[in-house]
Each structure stands twice: as C-alpha cells, then as structure tokens.
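Observations on chain architecture
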Amino acid sequence: MTETSTTVEFTPERLTIAQEMIARYPQGRQKSALLPLLHLAQEQWGWLSPEVMDYIGRMLDIQAIEVYEVATFYTMFHLNPVGKHVIEYCRTGPCCLMGGEEVYDYLKQKLGVKAGETTADQKFTLKEVECLAACGMGPVFQIREQYYMHLTKERVDEIIEELSR
Amino acid sequence: MGKKILLEHINVPGIETFDVYRKQGGYTAVEKAIKTMSPDGVVDEVKKAGIRGRGGAGFPMGMKWSFLAKPEGVPRYLVCNADESEPGTFKDHYLMKNIPHLLIEGMIISSYALGANKSFIYVRGELMYVIRILEKAIAEAKAAGFLGKNILGSGYDLELVVHPGGGAYICGEETALLESLEGKRGNPRNKPPFPAVKGLYQCPTVVNNVESIATAAWIVNNGGDAYAAIGIGRSSGTKLISASGHIKKPGVYEIELGVPVEEFLYSDEWCGGIRDGHHLKALVAGGSSVPILPANLITKLANGEPRLMTYESLSEGGFQTGTMLGSGGFIVFDETACIVRNTWNFSRFYHHESCGQCSPCREGTGWMEKVLHRIEYGHGSMHDIDLLVDVAKKIEGNTICPLGDAAAWPVASAIRHFRDEFEWHITHPSEATQPGAVFKGEMALV
Ligand SMILES: Cc1cc2nc3c(=O)[nH]c(=O)nc-3n(C[C@H](O)[C@H](O)[C@H](O)COP(=O)(O)O)c2cc1C
Ligand code: SF4
Ligand code: FES
C-alpha cells in the first residue's frame, strides 16, 4: 500500500479534512493539528513512512524532526509497514484477570506470530498494547476503530475467519 | 443509595441523539446558566457543591476554577481530560459513548463560567469511534444554537474541539496533556507555573476530567447545595465506579459516595459479589496506581468499622492499612490471582509509560519490572524483595510528575501486604512457575 515519495499526498477528501483540522486551532498554533493529521495519514497509508512524515511537516510548516519526535513518542503510530489488519491486544492486569493471557496465547499460536510480527500472507500484524479503557469487558483487542470485547478462543476463531475472507 | 445524577437516563433509547437528550431535560442547564446566571454565579454553585475532581487527584473543582488567572485580553481555555488510560478505569469511555450530550452540555456551562471561547476535549486516540460520536453531538448542539456564535442570543461564543491523543498514558497527566495538545511529545511540565496561570499556549487553563465536567449540568439545574447534600461530608455527590476483575457483574456503576465497600461489592445492585465458588483475596479500589489492599482491610477499617466508598474512608489508615479512591477503578482479585504476577504486570505498564524525563522514574520503573520479572519466573532472591522496597522509596516524591509515585505505590503495597507470596516465589521456584500456580498460604480470604 506504500506509495513513493513523489506521490505522497492526501486524497482530495482527506485534504479537505486536513485543512479543517488545522483551522480548528488558534492562528499560529497549527502545530496542534499534528496528532490529528498523523492519524489521518495512517488511515490513508497504513503506516507512517519518513516521506509521509515529511509531507505532514511541510503541511504544518514545522521541521521534519518535530514530526519524527512526536510520531516516535506515541504508540498508536506504525513506523514500519504493517499487515492489512493490525490487532492491538490489551496485555494489562484487569484484562489478564478475565483470562486475557490464555486467549492471547491462543491468538499468537493461531496466527503463528509473536508480538510485533506480521503473518506471512501480510493479513495480520500483532501488537501488544496497554489498557484500552474497556477492562470490565475484557479480554479486549482493537483493530483500527473497532473494539472486540469479551474475547474467548471461539470468538477469536470467528473474528480471524471473518477478517481472512 | 440509588441516586443517579449522570446515568439517570442511560437506558433511554436514543439518548445519544440531541432530540432524545433534549426531551429528557437536556440543555435546560445551559439555558438557565446563560440566561439567568453570571459566570461567577456558576462558579459559586460549583464551589458550594463541593465536588472534587473525578480524574484521580480529587482536587475541589470550584476551587480550581476560582484560581484561574484572568489577565485582560488573554484568552482562557477549558480542556477536558478524556485520556482515560489508568488500568481498571473505563467510566469516561462509557459515559461519552452512551450520553455524549451530557459532556457537551457540561462543557458549555463550564466554558461559560470560566470565560473560555474555545474549549478542547482531549480523547485518547484509541477511542476514535467515541471521537466521532462526540463530533456528531457537537454538530447537533451547534445546529440547535447551543454552540457557535452568540449562543441563545446572549452574545457568548463558544467553539468545542475534540482532539485525539496518540496512545500514551502519560498524556492523562494534565501538563503532559497540554504539551500533547500543542503537538508535542507528552512530557509533563515542571510546576509552577500551574496551568491556571500558564497552561495551553501559555494562557490560563483549567483541566478537568470528563465526569467532573459532566456533573455541571445537574449542579446548575439543582443548585450546589442540593449536590452537597448527596454523599458524606467532603465526599459530596455521586461517583462513577468502573468495576472489573473477578466479580459477577463487571461494569460502570454510579454510586452515592458513602456506600459501604462491602455493599458495593456484594449487592446485586452493583458488583453482585465474587464469581461463583470463589473468594475475595485482594482489591484495588481506585485504578492501578493506588495501593492494593488484602480482603481483610478493604471492607473494614483497621478498627473493625465498615469502610465506605468515600475519599476519606478509603484512605483511612494511610498507606499502612488504607488506599485511595483515585479514579474509581475497582479491580477485584479472587484467590486464583497471583499478586506477584499482577504486580509485575503493573510494573511493566509504568515502565512502558514513563516519559523518560526523570531518572528515578525512567530507571526505577525499568528496574522494578526486571526484578519482579525474575521473582515471578523463579530466579529471585530474598534480597530482591528489599531491593524493590528500596527502589520504590527512591522514586516516590523525586520526580516531575506523579507517575513516579503511581509506579511505586502498587509495588510497595503488594510487598507490604503480600510479602509471604513474594517469598514463596523465591523459596519454591519450581512450584511457583507452574502455569496458574498461586500461593496457598494463610490468605485473609473473605
Ligand atoms: C500519570 C497520570 C495519568 C493521569 N491520567 C488521567 C486521566 O486519564 N484522566 C483524568 O481525568 N485525569 C488523569 N490524571 C489526573 C490529571 O493530571 C488531572 O489531575 C485531572 O485531569 C484533573 O481533573 P479533575 O480535577 O476533574 O479530576 C492523571 C494524572 C497522572 C499523574
Ligand atoms: S515521573 Fe516519569 S512520567 Fe513523570 S515526568 Fe518524570 S519520567 Fe516522565
Ligand atoms: S486492562 Fe484491558 S482494557 Fe483495561
């Protein structure tokens, strides 16, 4: 899904959204739009390549390094190519109490990957994340904007099958 | 004890829409405040209500509002903290997703009281679907004339901006949140200056939790005195509790402050008791950062009296026998839970989330995680237990922000109350490392 540096540009629809995002912040404070724009970019390209980050920097009239230092600080941004679906699995205590570790082991085995890896068919990337603010509905993982809660091994089978189609 | 202020209408179908929310009496508080009250009049009611910040620290909201500096010609900002990342806490998520207009209404009233014309809701980026819900609610409120220019013909203008985080627990700390909102890394600032004087863009700023702000509508409608009459003493009002772990009914509950812990835990109205066939072993009452307590200390005070769900009662006994209400993340452990493993898990969390600015926190959290890992996996020595206590002590109070304390307390309290469990891991490594193995010594089960 990556594009070469010469073609790095938001789609027209996203460009409009990006301009609206920048306009929300006070005059001269356009840097505030950095996190929203990085999310928008990741939505389009799947991950944040240096070329994409440079593009965002130009758009906000800030140094490229200011984009890199932010993109590397926050865990939601993927700095390397990822599979079609990124599974962000909650590994924190309350989810573990609900059987999160067992389900996680099963998921890893099923996909044949460890945390941080992508399946050979490029369909799934597995990432470990901390508490997703859904502890009472654990175990939990997230794929893009969708929360999957009350996970069991059976539920994992269903979800993976559905997304593999 | 069933008074509901925030969740009263939670089960009304369509309550997430403007029309249904309005039919249930929504936005009447905005009308009342803007048409009949002065900004300072609203601040006074919030002061009278005595509501303490619901984000964790419990600082009185009205007092915080009255500290806001008001230099001529300088904009002031209200920022809502919807970063909700404290393990065990999921109430703000629940509230925003189900009744977004309650927060929007609270934001309008609070912004009016503080004289802010642009206010922000900083939502953790993982909750992008909730951000879309809030943006829809804002558009609806704007279309109805409750937001934008010249609200209700009063001359007061307000714009609300929902801002996504990027995945970082530390951005829940208010000054880190402001840095993040300015498009930077979430490194907490040194205080002073406090946000009330120099906050967002170096302008006077108030940061409040979602639940705190959402309460403003009820306070305006019913008056500060009516709010103060709910609850007990300095723990006035209601509190949302996120209940998780080994209970029959995990979920978000609104309680009147003052409910006995035992009742909250065992009554069918709330947690419904420990899951069948199991017993209470330990409990974290206010999110992962507060001290863990063993069963015998959580439902009763050291003197045998019932412990209540209030700021004061939960902290009764200091850290020797007490804990804190914190964010209201109520995590319940039965006898199958391994305290060492949980402590290691929490330690890993704090190490992962430390922003790295202060050496005691950056190095100390990593060190504690490493030592706990080796104890959990059967390679620990007795000396390691004292080492952990020592490291925790050296982090506490020696850092820029309270994340350091938040990392130290769970470790120190687990060792204080469950030392024999750590020792067992060290003296019986082959048993302790069996899958699902848990220390079966003299636990004070209830
Ligand atoms: C490490 C850390 C994380 C925090 N996370 C949150 C959070 O997710 N939500 C929140 O409202 N407050 C959080 N706080 C507390 C805030 O700094 C601040 O006290 C609070 O938002 C003020 O709002 P309140 O007075 O309405 O509670 C956190 C504090 C620390 C030190
Ligand atoms: S205590 Fe930890 S999280 Fe807080 S500023 Fe220091 S290093 Fe960062
Ligand atoms: S611990 Fe998994 S969502 Fe909170």
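Residues numbered from 1 in each chain as written. Chains lettered and ligands numbered in written order. Predicted model: local features only at pLDDT ≥ 70, side-chain atom pairs only at ≥ 80, totals over all residues. Heavy atoms only, no water.

Spelled out, the test is: UniProt positions are given in the numbering used here, feature names are shortened, and annotations may be inferred rather than shown by experiment.
The name that an unreviewed UniProt entry assigns to chain B is NADH-quinone oxidoreductase subunit F, with the source organism given as Larkinella knui. Taken from UniProt, the Function (unreviewed entry) comment for chain B reads in full: "NDH-1 shuttles electrons from NADH, via FMN and iron-sulfur (Fe-S) centers, to quinones in the respiratory chain." Reading the Catalytic activity (unreviewed entry) entry of the UniProt record for chain B gives the comment "a quinone + NADH + 5 H(+)(in) = a quinol + NAD(+) + 4 H(+)(out)".

Per an unreviewed UniProt entry, the recorded name for chain A is NAD(P)H-dependent oxidoreductase subunit E, and the organism is Larkinella knui. Turning to chain A, the UniProt annotation filed under Sequence similarities (unreviewed entry) states: "Belongs to the complex I 24 kDa subunit family."

**Digging into the interface of chain A and chain B**
Our working rule: Residue contacts are defined here by distance: any two heavy atoms, one from each residue, within 4.5 Å place the two residues in contact. Definition used for salt bridges: Asp or Glu carboxyl oxygen within 4 Å of a side-chain nitrogen of Lys or Arg. Helix and strand assignments come from DSSP, with helices taken as H or I runs of at least 4 residues and strands as E runs of at least 2, each series counted from the N terminus. Charged residues are taken to be Asp, Glu, Lys and Arg, nonpolar residues to be Ala, Val, Leu, Ile, Met, Phe, Trp, Tyr, Cys and Pro, and polar residues to be all remaining types, Gly included.
On the side of chain B, 58 residues touch chain A, which itself brings 39 residues to the contact. In this structure, the connection of chain A to chain B is made through four salt bridges. The salt bridge partner of Arg 132 of chain B is Glu 43 of chain A, with a shortest N-O separation of 3.7 Å. When residues of the side of chain A that touches chain B are traced back to their parent elements, those giving at least two are α2 (34-45), α4 (64-73) and α5 (93-97) of chain A. By residue number, the principal contributor to the side of chain A that touches chain B is α2 of chain A, which donates five residues. Classifying every residue of the side of chain A that touches chain B gives 21 nonpolar, eight polar and 10 charged.

**Points about the site of ligand 2**
We apply this condition: Whether a residue is near a molecule or strand depends on its heavy atoms: if one lies within 4 Å, it is near.
In the vicinity of ligand 2, 13 residues are found, and the nearest of them are Cys 355, Cys 358, Cys 361, Thr 399 and Cys 401 of chain B. A breakdown of the residues in the shell around ligand 2 according to their chemical character gives eight nonpolar, five polar and no charged.

**Looking at the sheet that holds strand β3 (residues 141-143) of chain A**
All names here are of chain A. Formally: Between any two strands, pairing holds if DSSP finds at least two bridges. To obtain each axis, a line is fitted to C-alpha atoms, and for helices this fit is confined to the stretch in contact; angles are then taken between N-to-C directions over 0 to 180 degrees.
The mixed open sheet is built from four strands, whose spatial order is β2-β1-β3-β4. The outermost strands of the open sheet, each flanked by one partner alone, are β2 (124-129) and β4 (146-148). For this sheet the average axis-to-axis angle between neighbouring strands, irrespective of direction, equals 25 degrees. Sheet analysis places strand β1 (residues 85-90) next to β2, joined by six bridges and oriented parallel. In the sheet register, Ile 87 faces β2, and the bridge partner there is Leu 126.

**Notes on a nonpolar patch on the surface**
Residues and elements named next belong to chain B. Defined as follows: Candidates for patches are residues over 30% relative accessible area with no salt bridge; among them, like charges are joined within 9 Å and nonpolar side chains (Val, Leu, Ile, Met, Phe, Trp, Tyr) within 5 Å. Calculation of accessible area relied on Shrake-Rupley with a 1.4 Å probe; when residues are assessed, cover is drawn exclusively from the protein chains displayed. Classification of residues uses two cut-offs on accessible area relative to the type maximum, computed with a 1.4 Å probe and protein chains only: under 20% is buried, over 50% is exposed, and between them is partly exposed.
A surface patch of nonpolar side chains, about 290 Å² in accessible area, is lined by Phe 59, Met 63 and Phe 67. Looking at the secondary structure, you find Met 63 in helix α4 (residues 61-66). For Met 63, a relative accessible area of 38% gives the class partly exposed.

**Topic: the environment of Phe 10 of chain A**
Residues and elements named next belong to chain A. Summarising the element assignment, Phe 10 is placed in the segment before α1 (12-23). On the basis of relative accessibility, which here comes to 3%, the residue Phe 10 falls in the buried class. Between the C-alpha atoms of Phe 10 and Tyr 74, which are 64 residues apart in sequence, the distance is 22 Å. When near neighbours in sequence (up to four residues on either side) are disregarded, Phe 10 contacts Leu 15, Ala 18, Leu 37, Leu 40, Ala 41, Gln 44, Trp 45, Tyr 55, Ile 56 and Met 59.

**Here we look at the site of ligand 1**
Residues and elements named next belong to chain B. How we decide: Polar contacts here mean pairs of N or O atoms no more than 3.5 Å apart (in protein, one a potential hydrogen donor and the other a potential acceptor; neighbouring residues in sequence count only if both atoms are side-chain atoms).
Near ligand 1, the surroundings consist of 18 residues, among which Gly 55, Asn 81, Asn 208, Asn 209 and Ser 212 are the closest. At 3.2 Å, a backbone N or O of Arg 54 approaches an oxygen atom of ligand 1. When the free accessible area of ligand 1 is taken as 610 Å², the share hidden by the protein chains comes to 90%. Tallied by class, residues from the shell around ligand 1 come to four nonpolar, eight polar and six charged.

**Concerning the UniProt feature "binding site: [2Fe-2S] cluster" (unreviewed entry) in chain A**
Residues annotated by UniProt as "binding site: [2Fe-2S] cluster" (unreviewed entry) correspond here to Cys 90, Cys 95, Cys 131 and Cys 135 of chain A. The largest pairwise C-alpha distance within this set of annotated residues, which runs over 46 residues, is 9.2 Å, so the set is compact in three dimensions. Relative to the assigned elements, Cys 90 of chain A resides in strand β1. When sequence neighbours within four positions are dropped, the list of residues in contact with Cys 90 of chain A reads Cys 95, Val 129, Glu 130, Cys 131, Leu 132 and Val 140 of chain A. Within the secondary structure, Cys 135 of chain A sits in the loop between β2 and β3. Overall, Cys 135 of chain A belongs to the buried group, its relative accessible area being 3%. Apart from residues no more than four positions distant in its own chain, Cys 135 of chain A is found in contact with Pro 94 and Met 98 of chain A together with Gly 88, Thr 89, Phe 90 and Ser 244 of chain B.

**A look at unusual backbone geometry**
In this model, Gly 138 of chain A is joined to Pro 139 of chain A through a cis peptide bond whose omega is -10 degrees. Tracing the chain through its elements places Pro 139 of chain A in the loop between β2 and β3. Here the residue pair Lys 191 of chain B and Pro 192 of chain B is connected by a cis peptide bond, since its omega of -10 degrees sits within 30 degrees of zero. Among the structural elements, Pro 192 of chain B can be located in the loop between α8 (174-181) and β4 (205-209). Of note, the phi angle at Gln 122 of chain A is positive, near 65 degrees, even though the residue is not glycine.

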